[in-house]
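Structural overview
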Amino acid sequence: MSTLTTEALAGRGVRAKLAPYAAIPLRLIVGYGFLAHGLAKWSKGPETFAGILQATGVPVPHLMAWVTIITEIVAGIAFLVGAFVLLVSIPAIILLAVAIFTVHLPYGFSSIKLMSVTNGRAQFGPAGYECDLLYIACILALVLIGPTPWSVDNYRSLHS
C-alpha cells in the first residue's frame, strides 16, 4: 500500500473519531447567539422591544415581545447545554422565519451592507436575512445530527 493511501486511511480514522464532536461548535454558537439576543432585549426592557414590534405592525406587541425574549433565552440556554434541542428548535425556527418575513426580507440577502466609512469607522445599513438563514441551517443540522457528546440530550439518551 502506498504512503499516500496509508495516510488517507489514517486520516479517515481520526475524522471518524472526531466526527461526533463536530456539531459542538454549532451548538455553542447558536446557543450563545440566541441567549445574547434575548438578554439584550430583556436588558433594554421588554416595553422597548414591544415598541419596535408595534412600529413594524406586529399584533399584540407586548405579548409578542415577551414570547420572543423568553424563546430566545430558553432556546439559547437549551442549545448551549444541548438539552431538548429538537423541542426548542421549533419555536426558534418559527421566530427566525417571522423575523425574516417581517423585518429582514425588504433589505435583501446580505447581512453586511457597508454604507460608508466615517472617521475611520464603518457605517452599515439594515441587515438582510442571511444570518437568520444561517441560524436556521445550523439548527436543522443540530436536529439532524442528534445529541452531541457533552450534551444533556446525549446524557439522557445514555441513561434512559
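Below, the structure is looked at part by part. (Residues numbered from 1 in each chain as written. Predicted model: local features only at pLDDT ≥ 70, side-chain atom pairs only at ≥ 80, totals over all residues. Heavy atoms only, no water.)

**Considering the packing of helix α2 (residues 24-44) against helix α6 (residues 130-145)**
Between α2 and α6, the shortest axis-to-axis distance is 10 Å and the interhelical angle comes to 130°. As far as their axial angle goes, α6 and α2 are oblique. Judged by the twist between their axes, the crossing of α2 over α6 is left-handed. Across from L26, R27, V30, G33, F34 and H37 in α2, the residues of α6 making contact are Y135, C138, I139, A141 and L142. Residues belonging to the contact of α2 with α6 are distributed by class as follows: eight nonpolar, two polar and one charged. (Axes fitted to C-alpha atoms, helices over the stretch in contact; angles between N-to-C directions. Helix = DSSP H or I, 4+ residues; strand = E, 2+ residues; numbered from the N terminus. Parallel < 35°, antiparallel > 145°, perpendicular 65-115°, else oblique. Left-handed = near helix turned anticlockwise from the far one by under 90°. Contact = heavy atoms within 4.5 Å. Nonpolar A, V, L, I, M, F, W, Y, C, P; charged D, E, K, R; others polar.)

**Some words on the environment of T102**
Within the secondary structure layout, T102 lies in helix α5 (residues 85-104). With a relative accessible area of 38%, T102 lands in the partly exposed category. Each C-alpha atom of the pair T102 and Y135 lies 17 Å from the other, and the pair is 33 residues apart in sequence. In terms of polar contacts, T102 uses its side chain to reach the backbone carbonyl oxygen of V98, at 2.7 Å. (Buried < 20%, exposed > 50% of the residue type's maximum accessible area, 1.4 Å probe, protein only. Polar contact = N/O pair within 3.5 Å; in protein donor to acceptor, adjacent residues only side chain to side chain.)

**Things to note about the side chain of T148**
Mapped onto the secondary structure, T148 falls in the loop between α6 and α7 (152-158). Setting aside its immediate chain neighbours within four residues, T148 contacts P20, A23, I24, R27 and N154.

**Some thoughts on the nonpolar core**
In terms of nonpolar packing, the biggest core is built from 16 residues, with V30, F34, A75, F79, A92, L96 and I139 touching the most fellow members. Take this core: its biggest share by element is six residues, from α5. When sequence neighbours within four positions are dropped, the list of residues in contact with A75 reads F34, I70, V88 and A92. In this structure, F49, A50, L53 and A65 belong to the second largest nonpolar core, which totals five residues. (Core = buried A, V, L, I, M, F, W, Y, C linked by side-chain atoms within 4.5 Å.)

**So, a nonpolar patch on the surface**
Together, L39, W42, W66, I70 and V74 make up an exposed nonpolar region whose accessible area comes to about 500 Å². Mapped onto the nonpolar patch, the elements with two or more residues apiece are α2 and α4 (61-81). Among the elements that line the nonpolar patch, the one with the most residues is α4, at three residues. Tracing the sequence through the fold places W66 in helix α4. When its relative accessible area of 41% is taken as the criterion, W66 is described as partly exposed. (Patch = residues over 30% accessible without salt bridge, like charges linked within 9 Å, V, L, I, M, F, W, Y side chains within 5 Å. Areas by Shrake-Rupley, 256 points an atom, 1.4 Å probe, with all protein chains shown as cover. Salt bridge = Lys/Arg side-chain N within 4 Å of Asp/Glu carboxyl O.)

All quantities given are derived from atomic positions and should not be read as evidence of function.
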